[in-house]
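Analysis of the macromolecular model
As a plain string of letters, each chain reads:
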Amino acid sequence: MNPTPFARLADVSRQVAGTASRNEKVAHIAALLRDVAPDERALTADYLAGTLPQRRVGVGWRSLRGSTSTPAQAPTVAVREIDARLTELEDLHGPGSVTRRKELLDDLWARLTDAERTFLTGLLIGDARQGAGDGVMLKAIAAAADLKETQVRRAVMLAGRTGPVAAIALDGGAEALARIRLEVGRPLRPMLAGSSPDIASALGDVTAPGEWTVEVKLDGIRLQAHKIGDDVRLFTRSLDDITARLPEIVDLVGSLPARNVVLDGEAIALRPDGSPHPFQVTGARTASSADPDELRRTVPVTALFFDLLHLDGADLVDAPMQQRRAALQGLVPAEHVVSALEVTETAAAQAFFDDWVARGHEGVVAKRTDAVYAAGRRGNGWVKVKPRHTLDLVVLAVEEGSGRRRGYLSNIHLGARDGKGGFVMLGKTFKGMTDEMLAWQTRRFTDLMTERDDWVVRVRPEQVVEIAFDGLQRSTRYPGGVALRFARVLRYRDDKSAEQADSIDDVLRLAQWQQNNQVDPDEEQT
DNA sequence: TTGACGGCTTC
DNA sequence: ATCGGAG
DNA sequence: CTCCGATGAAGCCGTCAA
């Protein structure tokens, strides 16, 4: 079969972007999948889902700006060739690689038409904006191969990847797809949790005893651990292999009394007294590639597991949570299992939440005891609950929106009073705004404008906004030394003037309180 | 050797 | 990560 | 219910230029 022109994909992407109907998007993509050469199906599926199979190409928004040659008149480049070029770029390392990467990119760029450039740019900067991603691709694969969506979904979740499953589905049909099972050593998509503002709404009004369990939510990084005989592999939430970085967890998993195991949990840096370090400590440790044997001494990371997905030949993903939990407790030492409470009444769950939050942890995940492990899905089987803080802050500036927010003033800069008539910036947010608020704030901040550069509009600091956030983190970027974590707008407050907004002192008091919860002050003397 | 910058990942 | 909009 | 897109902060790594 002939190689598929990359232009064909760019064209379909444009069509997909051009319709709001999900069914139409699916139809366009399915038709394409059926049409491409078998050895280009995996690539096509990945590209039309807006992703690249390469992990780090090293080309971003900035380096693409410089490529200004005239676009090719006619398409000449095949899909497989794009892949080959991107792999070349990925493999470039060492001195001179930046220059060489630029050359290779310019070379490729000169051979692409305008439409191809647009599409490839979207893929490279991870921003295809065609209104279709992995989710739509699932439906498209099912449609193209004439298979049940649930079956395709299951295969993708267990295989962890979309492209290869698309190829298998179209090539081998239902039987080939059914052969894709959980494979120890190959990461699967982690199950995700929905969220609720509080315990009561997470558990619902009527809670039968034994219907829910609440678990501590640890503020670390998601960890999927595989024991394959004598070998161990550790994966992050995005299925990155981080085995080499966490030798202490490799040791732990390797010592478990079973041959083949798949565990799900969290890796977190804890102090000797068990209190959690701020997330930044765990993040820095798990991202560092410095000598792991040194790091495990200076910043040890603890694995705390909450799920068991496979045990010596038995897949447990379809077993109810309660059963998986029991098997987990039978396998893993208690100090490496996340604390949990079977809920008999809402008040007890609330007390559990209060207790663990007071000890400095992130919150709680409520889990239905009968829920299967829904890989890759964010269902109501798991619901996270975190404490929420609020502040009344002053808008210092606004940024022009892009994409669907073009033409609106969107991202707002937030400041607390400094007590001397000025303001201390604490971060930005674009979250929590309805279309109506967006329209309103565009007018409001245009009225308050004092100056503007390319995309930032400075305003007179008069508008107060109520902001919700999860907590504070240390910042070197912001002048107060702290930044808001996951800030979002609750409402604009026209009943308050800027002089009545919260001050940096209020914020620093909260930071102090947070810190006291993370570490018992009595233990800090040494 | 150091700091700036871009890319990429975590949450 | 969170959130709102839309199929 | 599911999916998508608009963007947040910190911090690591590699490369380059001073």
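From a predicted model like this one, the values you see are computed outputs, not experimental measurements.

A few points about the nonpolar core
Counting residues in each nonpolar core, the largest one holds 90 residues, and the members touching the most others are Tyr47 and Leu120. Of all the elements, helix α8 (residues 134–145) adds the most residues to this core, at eight residues. Counting residues domain by domain, this core receives three or more from each of domain 1 (6–178) and domain 2 (196–385). Residues in contact with Tyr47, not counting those within four places in the same chain, are Phe6, Leu9, Leu52, Pro53, Val79, Ile82, Asp83, Leu86, Phe119 and Leu123. In terms of nonpolar packing, the next biggest core, distinct from the first, is built from 30 residues, Val398, Phe469, Val482 and Val507 among them.

Structural notes on the packing of helix α1 (residues 6–18) against helix α2 (residues 22–35)
Running from N to C, α1 and α2 point in directions that differ by 165 degrees, and their axes come no closer than 8 Å. In terms of orientation, α1 lies roughly antiparallel with respect to α2. Judged by the twist between their axes, the crossing of α1 over α2 is right-handed. Judged by residue contacts, Arg8, Leu9, Val12, Gln15, Val16 and Ala17 of α1 engage Lys25, His28, Ile29, Leu32 and Asp35 from α2.

Describing unusual backbone geometry
With a phi angle near 75 degrees, Leu239 is a residue other than glycine that sits in the positive phi range. Mapped onto the elements of the fold, Leu239 is located in the loop between β4 (231–235) and α12 (247–254). Unusually for a residue other than glycine, Asp312 sits at a positive phi of about 40 degrees. Tracing the backbone shows Asp312 in the loop between β6 (301–311) and β7 (314–315). For Asp312, a relative accessible area of 40% puts it in the partly exposed group.

Observations concerning the pattern of salt bridges
One pass over the structure, following the stated rule, counts 44 salt bridges. Note that Arg14 and Asp11 form a salt bridge whose closest N and O atoms lie 2.7 Å from each other. With Arg14 and Asp11 both in helix α1 and three residues apart, this pair spans about one turn of that helix. The salt bridge partner of Arg129 is Asp127, with a shortest N-O separation of 3.2 Å.

Rules used in this analysis
Residues numbered from 1 in each chain as written. Chains lettered and ligands numbered in written order. Predicted model: local features only at pLDDT ≥ 70, side-chain atom pairs only at ≥ 80, totals over all residues. Heavy atoms only, no water. Core = buried A, V, L, I, M, F, W, Y, C linked by side-chain atoms within 4.5 Å. Buried < 20%, exposed > 50% of the residue type's maximum accessible area, 1.4 Å probe, protein only. Helix = DSSP H or I, 4+ residues; strand = E, 2+ residues; numbered from the N terminus. Domains from an automatic or database assignment. Contact = heavy atoms within 4.5 Å. Axes fitted to C-alpha atoms, helices over the stretch in contact; angles between N-to-C directions. Parallel < 35°, antiparallel > 145°, perpendicular 65-115°, else oblique. Left-handed = near helix turned anticlockwise from the far one by under 90°. Salt bridge = Lys/Arg side-chain N within 4 Å of Asp/Glu carboxyl O.

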